[in-house]
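# Structural characterization, general
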There are 2 protein chains.
Amino acid sequence: MAVALAVAASLLPFFYHLLVLSASGWLYAGAAYIAYNTSGSLVPGKINVHLVPHSHDDVGWLKTIDQYYVGSNNSIQGACIQNVLDSVVEALLADKNRKFIYVEMAFFHRWWRQQSDTTKKAVRGLVSSGQLEFINGGWCMHDEAAVHYIDMIDQTTLGHQFLKQEFGQVPRIAWQIDPFGHSAVQAYLLGAEVGFDALYFSRIDYQDRQKRKDTKSLEVVWRGSKTLGSSVDIFTGIFPKDYEPPPGGFYFEVNDESPVIQDDPLLFDYNVQERVDDFVAAALSQANITRTNHIMFTMGTDFKYQYATSWFRQMDKFIHYVNKAARQLEFLKRGSYGHTTNSLAEALAIAQHHDAITGTEKQHVADDYAKRLAIGYTEAAKLVESTLTSLTESHSNSGHDGDDALAAKFEQCPLLNISYCPASESEIKDGRSLVVLVYNSLGWRREDIIRIPVISDAILVTDHEGKIIKSQLLPINNASLSLRKTYVQAYVGSSPSVTPKYWLAFPVTVESLGFSTYFIRSAETRGTHAFMSIVDSSQGMKNSTKEIEQGNLKLQFNHDGKLSFYFNKKSLVKTSIEQTYSYYVGNNGSDIDPQASGAYVFRPNGKFPIESDKVPLTIIEGPLLHEVHQQINSWIHQITRLYKTNEHVEVEFIIGPIPTNDGIGKEVVTQFTTTMDTRKTFYSDSNGRDFIKRIRDHRSDWNLQVNQPVAGNYYPINLGMFIEDDKTELSVLVDRAVGGTSLVDGQVELMLHRRLLHDDSRGVAENLDEKICIDTKCEGLIIQGKLYFRVDPLGEGAQWRRSTGQKIYSPLLIAFSEEHGGNWSNSHATTFSMMDHSYSLPDNVALITLQEVQDGNVLVRFAHMYEVGEGKNLSEMAYVDLKKMFPGKKILKIVEMNLSANQERQQMEKKKLKWQVESSPSAETVVRGGLVDPTELVIELGPMEIRTFVLNFNNTYSHLPHR
Amino acid sequence: MAVALAVAASLLPFFYHLLVLSASGWLYAGAAYIAYNTSGSLVPGKINVHLVPHSHDDVGWLKTIDQYYVGSNNSIQGACIQNVLDSVVEALLADKNRKFIYVEMAFFHRWWRQQSDTTKKAVRGLVSSGQLEFINGGWCMHDEAAVHYIDMIDQTTLGHQFLKQEFGQVPRIAWQIDPFGHSAVQAYLLGAEVGFDALYFSRIDYQDRQKRKDTKSLEVVWRGSKTLGSSVDIFTGIFPKDYEPPPGGFYFEVNDESPVIQDDPLLFDYNVQERVDDFVAAALSQANITRTNHIMFTMGTDFKYQYATSWFRQMDKFIHYVNKAARQLEFLKRGSYGHTTNSLAEALAIAQHHDAITGTEKQHVADDYAKRLAIGYTEAAKLVESTLTSLTESHSNSGHDGDDALAAKFEQCPLLNISYCPASESEIKDGRSLVVLVYNSLGWRREDIIRIPVISDAILVTDHEGKIIKSQLLPINNASLSLRKTYVQAYVGSSPSVTPKYWLAFPVTVESLGFSTYFIRSAETRGTHAFMSIVDSSQGMKNSTKEIEQGNLKLQFNHDGKLSFYFNKKSLVKTSIEQTYSYYVGNNGSDIDPQASGAYVFRPNGKFPIESDKVPLTIIEGPLLHEVHQQINSWIHQITRLYKTNEHVEVEFIIGPIPTNDGIGKEVVTQFTTTMDTRKTFYSDSNGRDFIKRIRDHRSDWNLQVNQPVAGNYYPINLGMFIEDDKTELSVLVDRAVGGTSLVDGQVELMLHRRLLHDDSRGVAENLDEKICIDTKCEGLIIQGKLYFRVDPLGEGAQWRRSTGQKIYSPLLIAFSEEHGGNWSNSHATTFSMMDHSYSLPDNVALITLQEVQDGNVLVRFAHMYEVGEGKNLSEMAYVDLKKMFPGKKILKIVEMNLSANQERQQMEKKKLKWQVESSPSAETVVRGGLVDPTELVIELGPMEIRTFVLNFNNTYSHLPHR
């Protein structure tokens, strides 16, 4: 192109010399500094556009949290939160009219601790002036489908306490813009009860969104609890499309392609008017679907503001020029560390993230979460072990905390669920005992049967008084041993040196918030003290049914091995019930329906039963429990258990590797099928808290057009689900978050395992095809888990669901030590309860938090576990006697706090917004506990109430070790 | 993946409650702020790595300069210089140990004028502390092949004056890291004579680079002028590879994929040692090819530092940890606006950029340069016209500057070269005259023949005294009229309303720095006063030659129409000479050689003569000049001209559209072929200044392996080239930058036009296939240009080359006005010279700059135009008498400056570095002018010397209009 320029140049150069001859001084362009006027105030009668600059920073998704933070692994995704926070702070400091919201404390905390005191001071200024506002403020933006409400509270509290401590700030907005669906518990508990003024989110059923746009009801007051009624109303704003900037080219990340505002008349391509027009058009479009003149523009998206100035520069101009034009804009105006990371608390917090627990992260990120949980577990285990050491010593050796000679060393078995426990699998030498300490973190006295793997059948179990406890030995089946071998090698790095022969099961009793100690010793004879289970087989049985009976329950299996009948001798409930397995074919995304089934989207394309002509039963019977072992097919094993002391059935399943050599991805479900007339209705929990009524192919808010008859009826299950007819109710509880539905009247279906061969094109760009590898040899993942089911007379299932659900969430903790000289009981505490021995929390109250927050200050949370009308006598006001709960301790002060404990409840109530709602509520009778009398110290809890208190003790509480 | 997490989670959650029970306060991670120690000092005996953070910001390449500046059009390339400068300043302010160099004032100036006073103050602080250092400091990083040295000086001065004025700063380093080759003029003139301490560049012949790496001679002292010798030595550093960071992953732009240093032990993937190892390895690798312990790492590349902190954060860590390690690092530590843009000065300045004038920019960017030049031209033209108005008025009407009634209005004809000039093409009515003002910007009295298009043949020309001037009318040929029609419509937007019939040619005489006025009136008779040329044709001539003779020259064309013989009656030089056209086939990049011929790379694949059996001649003869019109083929036309008053031959060519419907790209050359015995040797100019000896297939610095026998012998031609044998020399001058060579003894070859169909994969990603479009109809570009050639006795060609070259660079300026009442001479000045009428500059001195810089201060530059031994009496000391040059003006003070006029020459000399060089120079006799006696005011200039002065006048200099 040199030629073209030369043609032009040949016309011109000679003028230069004349030009400069006549120039008066050097002619550079005139000063063009523009002081943008970005101050703003609301203007009645005009459309007020609130620009909300934000960066949506997933706490792990395509990269791990730390990779996102430091900006490594950018080949996967260009993202560096350090850039975001560094540059946002600089941009805010540069102009006091600029504002920014920040959400994820997992990132902010990482950044904060790396800052100098100077920077911290400047940032505190930005926070106190409102330029930098923390929104949501949890450690992550938790999921709302697959998380338990206690974990939601904990992770929110972790972030809120950090903000309170460092900034004295209380977040005012729930900002759940990316989770893939929304729960009632989020609205009323994590929203209203936290004290938030509003809840904003983006993802909603497309039919629901369209109706809301049509009826201008994207902004609503959400009443999330039928029990707590209007007292937990919360204003809720749903975004019209997503959490991105409005359509029309308003992305301003470095190298983004949206047209920038070129407002320098001395440069080419001046375009202020065009861009102002674009902006006003976007505002008018959105104004058309809201009822007020106020519009929010979410100015940002995933991992943006890596160089914040590039955004603010454009927003400054929009504000300046649009306000000069015709419209009004306004920024949304609202608005003592230890020496180590609380790794487990953080790991659990970030695992609640909406791309973590949901499985929508990349595999290496899932591995990172697992690694963090493992590290956190290890650290926590050490703390647990040293705490147990201290607790067991303190009674007999107070004042000798440091005496190592007498200090018991405890260890735990994290892989006990797959029958791996080195502590219990070693030979117990003569004169020694395996010490088993069982800790109960609940506020109720607890009886249960625990099990540990052992190598000898000549053993006996005694309690702390030396009394022999009836125990039972159960053979470990081959499926379990095979799983144990593979996964121990994968997780621990080496094969176990021995293989246990039996599960040793025995009953334990543990007081509230306390422990009990049991001893296992060699016995001279086999089978005398530890009962050897009787093994029977259905092999050879022909066309006959088999009945299994233990405690109050009796189960019947028919000739082909299927469960067929359930009977409770005590309640006299009896019902035919069948349990079966099926799989859905995951849609492969080609052909007619381009949406593949994958990490985000369940998209079945046909359902097939998993059936054998006959599934043989192996029946193991003994005094404490019976087991029925079944191999459903070559890759599904199941053990059905009946306990003497329980009135539910426990089903342990081992599933995998799901075969895919036929090129078909499969999603495995189990169904419990009864003849109950359930009329399309079933109930599933909301974050393990409320039970929500679901009607098949129906939504109460809009006329559902059923396009996905299976997936459209699936709901997240964290605690369990139940169905009922006019006589009975069938409840199923789960030990993990799964999906569940009732596609056929009388049936409960749960999704247990998925293995898919296509990416579902929602961003993760990997197939949901999880593998486990030993060296370079990989195979599809095998999972092991438990279901619990029970049939009750109508109206009587709630108590079991609530209290057993709490126990599943908080199982007994088992720790092991070794007794050398037979004098453990002389030198150690063998039983303990923090509470008065005569006291237990009421059946309808759970202690969900007990936590020392500062010297002498303890945070406690109690949850009433029943909704109005849910449990006969249990849905009444409950009372907790703090004096009995903390015997011998003087509570100097008690303050009720909001849910996340970052403000006093009374303050929260005072500033609560009162909303006029369209359909005025019918007369409500909301029962809530009253103020606590500091002399009585009895806490009242109304149905479904969760109350949070900070208690101030004197500083002599000896059971709380100080670090 | 929810399942995998659930498996893990099922092991863990219960610990949480125990954990927090025993936690003493909230356990967030401990403070991890690291104050990086990045202060540095040189350490003898160790490898000192100098990190040079830089952003190479092309002043137009894939995007236009303003698109690069504001960051628009990012879909082509993500780049925003506003980001770079904003964020660099913030990053530097954040840490006083950080440093940055900035190069391109075209961008910096755009940014600077948009800044607030506060920012400006902060930036001045950064500059004065040395954190922000300006390097090179020209408006752009000019090309070194296709640019004229005066344009290099001008664009450098523009930037240097800006820096001097705003910051009081004098750049110390020439930083030509990206231009595609390097010229001697850059080294000695734009390097040493500017006062730079060093010159750094990157691009060099790969064979040369390898030899220098092998011999550790990448760092040299470059003596660029044989005339000025060691007085213009400059230290020169050549980068071992390019201007990128060293190999090993050291790119830290936002979203770059190089591993960042993760030095936070509380996060995963800690990698300090690995990264320090990488860094040290890179340093050792480079240390191995340099002689000293000092190494430069260029930390940056094209358009980087959009978020500067992302780079500095990593460099801070490298400095901190590597210095803790074992090596020392150090940043390279060195070192009144008017109301309008000087658009033309800037447009010309940025057009010198190494992707502009070279043609390696995208087409839309070339269009942008052309638009800038056109705008600049228009602005400059207005200034010229008003200046002429003022100059012509001032003599007779002093004190009445504002009197519009008497003020003459001037206009110019920018498309005069393609015979379009509305001012001269209109009918001249009776009693009126077309006033033609001719301005001479050179310091010599000048005689020439000018030409303007006219529609009438009944006209006459008079001088300012009314004396009739002999003029000549020449018919305009069809090729020219066709070109005129198309390109006027394309450039002006509409077809010309009339078509001129003739060129009117007449001789003019203009004094130094002055003007003369001529008048054109209607004449009653045709052909009497304006001689109508005689048109002859070779059509019908058979096998005979044709001789054309005018003035002292005679040319002979043989029977097939080819030029065959040249004879000068005065010098008696005679030589056979043939002029022919050929084209190279542009390599298409497929097949054997994947390198296509394109914008960057000339890669011929075969050469083919463009021949007709017979090229008919049309011969136009008259008293002032003769023309020979030839149609070489359907798309090449040529006019050969002989002037009565000149002793050279002028060749005007019209070439294009080059046909490509055969799918073959073509590069068109013309050859002048003689029988001279030139022994592989030819001479080409260096930026229009020095003539450099070239030997075919040879490099004086290394043993050339000839891989590209054509392209490897091509050199840039800005002024011209010549060949010589023991009797004569053939010189060819050009009116634009072209490529040239001598591939055969006795031959000069010049590349005139290129049209190629493949991208050459060097970044521009477009084919060099320029088009001109009218509405949507496009065709390949047609070019029109001129060559000038002459044959002299050996040793006598220099004077013609030098003085004619200067005239080609600064042609006469022609402006038009209209006389109404026949009394122009009474009311206007008709002749003018700024200098004493008896005075002219010596033949060997050119005035290359005359420029008012501040009230009463005028910048002048004089150039001695001959090298030692080049011109017989012309290579002597020359003298300029300032008193005669500025008659009637008192020069109160005279200060000699360095070349770019940003410091006094004496200061520059004082701080000049003295280098000990390996091969000590033989005894030199460098002749330079001495100090100027302020009473005598005579400036001495030694051969090739360029001297720059600031003269201070009293403030009454009336000829300089003040704006």
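These numbers come from a predicted model, not from an experiment.

### What about the packing of helix α5 (residues 105-112) of chain A against helix α7 (residues 149-167) of chain A?
Residue and element names in this part refer to chain A. One way to put it is that α5 packs onto α7 with a least axis distance of 10 Å and a crossing angle of 35 degrees. Pair α5 / α7 crosses with left-handed handedness. Every residue of α7 that contacts α5 at Met105, Phe108, His109 and Trp112 is listed here: Gly159, Phe162, Leu163, Glu166 and Phe167. Of the residues that constitute the contact of α5 with α7, the class distribution is six nonpolar, two polar and one charged.

### So, the confidence of the model for chain A
Residues and elements named next belong to chain A. Put simply, chain A has an average pLDDT of 88, and 91% of its residues get 70 or more. Low pLDDT (under 50) marks residues 326-341, which in the prediction has 71 contacts with non-local residues, meaning those over four places away or in another chain. Segment residues 395-405: pLDDT under 50, and 11 contacts once partners within four positions in sequence are set aside and those in other chains are kept. If you check the scores for this complex, the pTM reads 0.86 and the ipTM reads 0.84.

### Focus on the sheet that holds strand β31 (residues 690-695) of chain B
Residues and elements named next belong to chain B. Here 10 strands make up an open sheet; going across it, the order is β19-β25-β26-β27-β28-β39-β34-β33-β30-β31 and the pairing antiparallel. This sheet does not close on itself; its edge strands, each paired only once, are β19 (534-537) and β31. With strand direction ignored, the average angle separating the axes of adjacent strands in the sheet is 20 degrees. Relative to strand β33 (residues 720-724), strand β30 (residues 681-686) runs antiparallel, the two sharing two bridges. Bridge pairing links Tyr683 to Phe722 in β33.

### Some thoughts on the pairing of strand β23 (residues 574-586) of chain B
Residues and elements named next belong to chain B. Counting buried positions along β23 yields 10 of 13 residues, so the element is predominantly enclosed. For strand β22 (residues 563-568) and β23, the ladder comprises three bridges, and the chain directions are antiparallel. The partner of Tyr566 across the bridge, within β23, is Thr575. The loop that links β22 with its antiparallel partner β23 comprises five residues; one of these, Leu572, has a positive phi angle of about 65 degrees. Relative to strand β24 (residues 604-610), β23 is paired through five bridges, and the arrangement is antiparallel. Looking at the pairing, Tyr584 lines up with Lys607 of β24.

### Some thoughts on the packing of α7(A) against helix α8 (residues 184-192) of chain A
All names here are of chain A. At their nearest, the axes of α7 and α8 sit 11 Å apart, and the two run at 45 degrees to each other. Between α7 and α8, the angle falls in the class oblique. Note on packing geometry: the crossing formed by α7 with α8 is right-handed. In this structure, α7 uses Tyr149, Met152, Ile153 and Thr156 to contact α8, whose residues at the interface are Val185, Gln186, Leu189 and Leu190. Classifying every residue of the contact of α7 with α8 gives six nonpolar, two polar and no charged.

### Looking at the side chain of B:Gln286
Relative to the assigned elements, B:Gln286 resides in helix α10 (residues 272-287). In this structure B:Gln286 comes out as buried when scored by relative accessible area, which is 13%.

### Details of the environment of A:Tyr502
Residue and element names in this part refer to chain A. By the secondary structure assignment, Tyr502 is in strand β16 (residues 502-510). A C-alpha to C-alpha distance of 5.5 Å links Tyr502 and Val454, two positions 48 residues apart in sequence. Contact partners of Tyr502, with chain neighbours within four places excluded, come to Ile452, Pro453, Val454, Ser456, Asp457, Leu473, Leu474, Pro475, Ile476 and Met532.

Cut-offs applied
- Residues numbered from 1 in each chain as written.
- Chains lettered and ligands numbered in written order.
- Predicted model: local features only at pLDDT ≥ 70, side-chain atom pairs only at ≥ 80, totals over all residues.
- Heavy atoms only, no water.
- Axes fitted to C-alpha atoms, helices over the stretch in contact; angles between N-to-C directions.
- Helix = DSSP H or I, 4+ residues; strand = E, 2+ residues; numbered from the N terminus.
- Left-handed = near helix turned anticlockwise from the far one by under 90°.
- Contact = heavy atoms within 4.5 Å.
- Nonpolar A, V, L, I, M, F, W, Y, C, P; charged D, E, K, R; others polar.
- pLDDT = per-residue confidence, 0-100.
- Pairing = 2+ DSSP bridges.
- Buried < 20%, exposed > 50% of the residue type's maximum accessible area, 1.4 Å probe, protein only.
- Parallel < 35°, antiparallel > 145°, perpendicular 65-115°, else oblique.

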